[in-house]
Amino acid sequence: MVTENSDDGNMDERWMTEALSEAKTAMEKNEIPIGAILVDANGTVLGRGHNQRVGSTDPTAHAEIVALRSSGLHVKNYRLPGTTLYVTVEPCLMCFGALLEARVETVVFGIREPRWGVTGSLYDLQNDPRFPHRIRVREGVLSHACLDLLQSFFQSRRPTGSER
């Protein structure tokens, strides 16, 4: 099993805090608040991203994809080996495919996504032996903060009792 517990503690929390900051930026733009940060083995941020699907009218503008695109431009390569992606919500199928293509080494996420997540929720792709590349996964980092942000976003969009 490739999934790991989050025992890298302080570094995981540091970078997840950065991903949460990106998620808050998405929320300010009325986008679903998901944020991502891609970091290399030396602790250098290569790219950042937050959901931008609505504003860009681009269905592929998920936080992870935006972070991968900016990282590729930063290092001038589509391969990003030895990197770790911190994302507030478990990646979907499209994003996980892009992470595989980029050869990202590790994904650390805050909360599971039962309807779309592919690292243990809906599917368990990081353990699929048919892929030529394996991605290590750690989950549950700052999960309460990630969940609170997502829940507050959706609660703010629901009509109150008087509006029903």
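Our subject is the structure listed above.
These figures come from a predicted structure and were not determined experimentally.

A. Region of interest: the packing of helix α1 (residues 9-28) against helix α5 (residues 143-157). Two elements in contact, α1 and α5, have axes whose closest approach is 11 Å; the angle formed by their N-to-C orientations is 5°. When the axes of α1 and α5 are compared, the pair comes out roughly parallel. Every residue of α5 that contacts α1 at Met16, Leu20, Ala23, Lys24 and Met27 is listed here: Ala145, Cys146, Leu149, Ser152 and Phe153.

B. A look at the pairing of strand β3 (residues 45-50). Sheet topology note: the strand β2 (residues 35-39)/β3 ladder contains five bridges and is antiparallel. Bridge pairing in β3 links Ile37 to Arg48. Hairpin connection between β2 and β3: a loop of five residues separates the two successive antiparallel strands, and Gly43 in this loop has a positive phi of roughly 85°.

C. Region of interest: the state of the cysteines. Under the criterion given, the structure shown has zero disulfides. Free cysteine Cys92: the closest other cysteine sulfur is in Cys95, separated by 3.7 Å. For Cys146, which is in no disulfide, the shortest distance to another cysteine sulfur is to Cys95 and amounts to 15 Å.

Parameters and conventions
Within any chain, residue numbers begin from 1 and follow the written order of that chain's sequence. Given that the model is predicted, a residue must reach a pLDDT of at least 70 before its local features are reported, and side-chain atom pairs must reach 80 or more before they are shown or counted; all residues, however, enter totals for whole chains, interfaces and linings. Excluding hydrogens and water, the side-chain values take into account all heavy atoms of the structure. Think of each axis as a best-fit line through the C-alpha atoms, taken over the contacting stretch in the case of a helix, with angles from 0 to 180 degrees between the N-to-C directions. Helix and strand labels come from DSSP, where a helix needs a run of H or I of at least four residues and a strand needs a run of E of at least two; each type is numbered from the N terminus. Angles below 35 degrees are treated as roughly parallel, those above 145 as roughly antiparallel, those between 65 and 115 as roughly perpendicular, and all remaining angles as oblique. Contact between two residues is taken to exist if any of their heavy atoms lie within 4.5 Å; hydrogens are not considered. At least two DSSP bridges between two strands are required for those strands to pair. Defined by distance alone, a disulfide is two cysteine sulfur atoms within 2.5 Å.

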